[in-house]
Amino acid sequence: MTAPADRVEARRLVAAVEEALAEATPTSYRDDTKPPLVGDALPVAQPGRPPMSQRATDASALMLSGSVLTVAVGGAATAVLWASGNADPVVIGLVAGAPPAFMLALSRVFRRAKETVEAAPAEHHHHYSGPVHQDQRTSRTNGVWAKTNNK
């Protein structure tokens, strides 16, 4: 048999453990309301590349792709010159100047294409007051001899 003092101590220990468990039980709350699509919170910088303008982003991508192309062409040119045993300055100039010239030509083509797209006519809408009739008939032409059936 255990002594009464031991039982008191055991009960006190059990009560302390139960109290600690009651306090340590985590409580949680989940808010299921959907956040608004547009709010008044200030923008926060996201991880990754820092925020830049579209023009700066395009220039960065162009520089990155140009550097990869330059490294590839430079490595190939180095291998050819090493294999041939001599280095002609004209050949080195052509090999070194080709990637930047190519990238410059590509950037001009893309810039002109972008300007062409931006110069397209603006979208406009017509607003009428009064009754409007829209004809939605479709035309179907088929057969060896073209016969058009309007529906």
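A quick note: this is a predicted structure, and the numbers were derived from the prediction, not measured.

(A) Focus on the overall build of the protein. When its secondary structure is counted, the protein shows three helices and two strands. For the protein, the proportion of its 151 residues judged to be buried stands at 4%. Of the roughly 14,500 Å² of accessible surface on the protein, 63% is carried by carbon and sulfur atoms.

(B) Representation of the confidence of the model for the protein in the model. Mean pLDDT over the protein stands at 78; residues scoring 70 or higher make up 85%. The secondary structure element of the protein with the lowest average pLDDT is strand E2 (residues 147-150), at 67, and the one with the highest is helix H1 (residues 4-24), at 85.

(C) Inspection of a positive patch on the surface at higher detail. On the surface, Arg55, Arg108, Arg111, Arg112 and Lys114 cluster together into a patch of positive charge. Looking at which element gives the most residues to the positive patch, the answer is helix H3 (residues 89-118), with four residues. Along the chain, arginine 111 falls in helix H3. On the basis of relative accessibility, which here comes to 47%, the residue arginine 111 falls in the partly exposed class.

(D) Examining a nonpolar patch on the surface more closely. A grouping of Leu13, Val17 and Leu21 is seen on the molecular surface, where their side chains present a nonpolar patch of about 300 Å² in accessible area. Considering the arrangement of structural elements, one finds valine 17 in helix H1. On the accessibility criterion, valine 17 (43% relative accessible area) is partly exposed.

(E) Region of interest: the pattern of salt bridges. Using the criterion set out here, one finds two salt bridges in the structure. Close ionic contact of glutamate 9 with arginine 12 constitutes a salt bridge, the shortest N to O distance being 2.6 Å. Of this pair, glutamate 9 and arginine 12 both sit in helix H1, three residues apart, which is roughly one turn of the helix. Classification of glutamate 9 as partly exposed rests on a relative accessible area of 42%.

(F) Structural detail: helix H2 (residues 54-84). Along its 31 residues, H2 runs 45 Å from first to last C-alpha, staying within 8% of the 45 Å computed at 1.5 Å per residue. Ser60, Gly66 and Ala77 are the residues of H2 that are buried. Of the residues trailing H2, glycine 85 is marked for its positive phi of about 90 degrees.

Parameters and conventions
Residues numbered from 1 in each chain as written. Predicted model: local features only at pLDDT ≥ 70, side-chain atom pairs only at ≥ 80, totals over all residues. Heavy atoms only, no water. Helix = DSSP H or I, 4+ residues; strand = E, 2+ residues; numbered from the N terminus. Buried < 20%, exposed > 50% of the residue type's maximum accessible area, 1.4 Å probe, protein only. Areas by Shrake-Rupley, 256 points an atom, 1.4 Å probe, with all protein chains shown as cover. pLDDT = per-residue confidence, 0-100. Patch = residues over 30% accessible without salt bridge, like charges linked within 9 Å, V, L, I, M, F, W, Y side chains within 5 Å. Salt bridge = Lys/Arg side-chain N within 4 Å of Asp/Glu carboxyl O. Lys, Arg positive; Asp, Glu negative; His and termini not counted. Charge placed at Lys NZ, Arg CZ, Asp CG, Glu CD. Expected span 1.5 Å × (residues − 1).

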